[in-house]
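What follows is the residue order along each chain.
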Amino acid sequence: MPNGSNTKQNPLATELCGLKLDNPVIPASGTFGYGQEFAKLYDINILGSISFKGTTLHERYGNPLPRIAETPSGMLNAVGLQNPGVDHVIAHELPEFKKIYHKPLVANISGFSIDEYTETAEKLDAEDQVGILEINISCPNVHNGGMSFGTSPEAAAEVTAAVKKVTHKPVFMKLTPNVTDITEIAKACEDAGADGISMINTLLGMRIDKKKRTPLLANQTGGLSGPAVFPVAVRMVWQTARAVKIPIIGMGGISSADDVIEMMMAGASAVEVGAANLVNPYACKEIIEDLPRAMKELNIDRLADIIGAAL
Amino acid sequence: MDRQLLTIEANTPVTADTWHMKLTGDCAAISAPGQFINIRLDGFFLRRPISIYDHEDGWVSILYKALGQGTRAMSEMTPGQTLDVLLPLGNGFDVSLCTPHTLLAAGGIGMPPMYGIAKELCSRGITPQVALGFNTEEDILPLQPFRDLGIEPVIATADGSFGVKGFVTDAMETLDYDYVCTCGPEAMLKAVYEHMPDGQLSFEERMGCGFGACMGCSCRTKYGTKRICTDGPILMKDEVIW
């Protein structure tokens, strides 16, 4: 499997726990499916990596509709981790993915118990296509699971330690911003053996259907993403980068090459692009192609040099 | 599906709250009636998915209701302005399944795809019957395009101000058919479903992307989970679960 170009030759290159990426741009889980829709539009091998749709041990239909609402400069979603389950993903989605994408993937994993996290992680850890395990302890749209593991340092540490025990690949814990102090959770994950942090998941929000006088989403609440959350994400990445030594994948409203640079200066080693893919299917491609221009304007020779530059 | 920059050629009201917009540009990929386009609007994050009304080489037209802030902004746009549009989206109606006694039944702004089917069927030598339901006479959408195809739509209005008093299903009772293609609000679809021997239904749902990536518009069918935007918006009668 190609490991990407060396940073000396490629000014966009970056690295996550020894995994070399051609560039820091990774589509975020849940906004890129398994790549198929986007591969029809452009060669997705230009991407640094891809975080594929959140996978659980068992198949999940997800939440009732409506699952989507528009917001100023963003959107709410309450999809609820719809996915065919890890065995189906390994048997069907990953082989199809292999035909269109030839670099290591980020496997995003959710669970409703420690055992579900470890069993799912163990199965995906065994897949050659998977380069990084991204453990989602932050989904705001499922009950009795997801975010409840990400809102206490103890529970976050427990998931981290359990997953680390059964896997060999780098484990990135994906954190929720819906906490009082995200750095405490990040430190607990680091102390429990996490190799990196992915942040931030969506911010809990709500819209009201004014005609019906009820919450618009069937799930009542949903996760806010899009440009509206970008400054929140930058602030939290910056705070966390000062609190931990492990690398951070920064995400939350990134929609331009300039956003990528800002997020990396705040301390991110790579970034994920989420909601932008949904309104502009070429978003990641355009960001990657625009990075040299944005770097030149800021006198940046190598992107890796600016990681944490603002700390 | 691909992204196209289309130019507004015309944008005119056809009723108090419904506009007709004609867009020029590369529309060659449109392959079936019932497909939709997804329009990006300045100042709004999500695109607006809107059914295709009519199209030929080099242009596409839509009818849209100015209901919310986004569509109201659209109604103020003027010829010459350009729009970033994803098209074509969705599976569209499978016209090859229609019988010689096909009925096209729609409620309100569900009408545009019916015109697309009618045009396609007429080109195949089948003249379908058309039943349309509206709230009141003022809401009736342009009927002349159907008449130009040699079809006189049967109209129902909820307040009885024009045609049959009642819903589109009341208009359907006067007609003889063995296959139905339908589009409209879900309550209407369900009522038409009860009156259709066989056929196809077009569903509407809030969407994130419109092209199958976000799982925002999934629904259960007898043949598994489907995405309204990509596997639909047209479902066959035998797969629908209410």
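Preceding block: the structure.
This structure is a prediction, so every number in the text was calculated from the model and none was measured.

(A) Quick look at the sheet that holds strand β10 (residues 196-199) of chain A. Residue and element names in this part refer to chain A. One open sheet holds the eight strands; their spatial order is β3-β16-β15-β10-β9-β8-β7-β4, and the pairing between them is parallel. With partners counted over all chains shown, the strands left at the sheet margins are β3 (25-27) and β4 (51-55), one partner each. Across the sheet, the axes of successive neighbouring strands diverge by a mean angle of 25 degrees, strand direction being ignored. As paired strands, strand β8 (residues 130-136) and strand β9 (residues 171-174) are joined by four bridges and run parallel to one another. Looking at β9, one finds that Glu134 is bridged to Phe172.

(B) Focus on the state of the cysteines. One pass over the structure, following the stated rule, counts zero disulfides over all chains. This cysteine, Cys189 of chain A, is not joined by any disulfide, and Cys17 of chain A carries the nearest cysteine sulfur, 13 Å off. With relative accessibility at 0%, the residue Cys189 of chain A sits in the buried group. Looking at Cys181 of chain B, it has no disulfide partner, and the nearest cysteine sulfur is the one in Cys98 of chain B, 3.8 Å off.

(C) Expanded view of the nonpolar core. Residues and elements named next belong to chain A. Counting residues in each nonpolar core, the largest one holds 116 residues, and the members touching the most others are Ile44, Phe97, Ile135, Ile137 and Met173. Sorting elements by how many residues they give to this core places helix α9 (residues 283-297) first, with seven residues. Sequence-distant contacts of Phe97, defined by excluding residues within four places in its chain, comprise Tyr34, Gly35, Gln36, Ile44, Ile50, Phe52, Leu105 and Gln129.

(D) How the structure looks around the pairing of β9 of chain A. All names here are of chain A. Here β9 shows a buried face lined by Val171 and Met173 and a second buried face lined by Phe172 and Lys174. Note that β9 and β10 share three bridges and pair parallel. Residue Phe172 lies in a different strand from β10, and its bridge partner there is Gly196. What joins β9 to β10 is helix α5 (residues 182-191), and the crossover it makes is right-handed.

(E) Region of interest: the interface of chain B and chain A. The interface is formed by 27 residues belonging to chain B together with 32 residues belonging to chain A. Taking both partners together, chain B and chain A bury about 2,500 Å²; carbon and sulfur atoms supply 60% of that area. Among the residues of chain B in contact with chain A, Phe45, Arg206 and Phe211 of chain B are the three that bury the most area, contributing 28% of the side total. Between the two partners, chain B and chain A, sit three salt bridges. The residue Arg3 of chain B makes a salt bridge to Glu286 of chain A at a minimum N-O spacing of 2.7 Å.

(F) Main features of the side chain of Asn136 of chain A. Residue and element names in this part refer to chain A. Along the chain, the position of Asn136 falls in strand β8. By relative accessible area, which is 5% here, Asn136 ends up buried. Among the polar contacts listed, one links the side chain of Asn136 to the side chain of Ser110, at a separation of 3.1 Å. Of the polar contacts made by the side chain of Asn136, one reaches the side chain of Ser138; its length is 2.7 Å. Those residues in contact with Asn136 that lie beyond four places of it in its chain are Leu81, Asn108, Ile109, Ser110, Tyr117, Lys174 and Asn201.

Criteria and thresholds
Residues numbered from 1 in each chain as written. Chains lettered and ligands numbered in written order. Predicted model: local features only at pLDDT ≥ 70, side-chain atom pairs only at ≥ 80, totals over all residues. Heavy atoms only, no water. Pairing = 2+ DSSP bridges. Helix = DSSP H or I, 4+ residues; strand = E, 2+ residues; numbered from the N terminus. Axes fitted to C-alpha atoms, helices over the stretch in contact; angles between N-to-C directions. Disulfide = S-S within 2.5 Å. Buried < 20%, exposed > 50% of the residue type's maximum accessible area, 1.4 Å probe, protein only. Core = buried A, V, L, I, M, F, W, Y, C linked by side-chain atoms within 4.5 Å. Contact = heavy atoms within 4.5 Å. Right-handed = clockwise from strand over helix to strand, strands pointing away. Buried area = accessible area lost by both parts, 1.4 Å probe. Salt bridge = Lys/Arg side-chain N within 4 Å of Asp/Glu carboxyl O. Polar contact = N/O pair within 3.5 Å; in protein donor to acceptor, adjacent residues only side chain to side chain.

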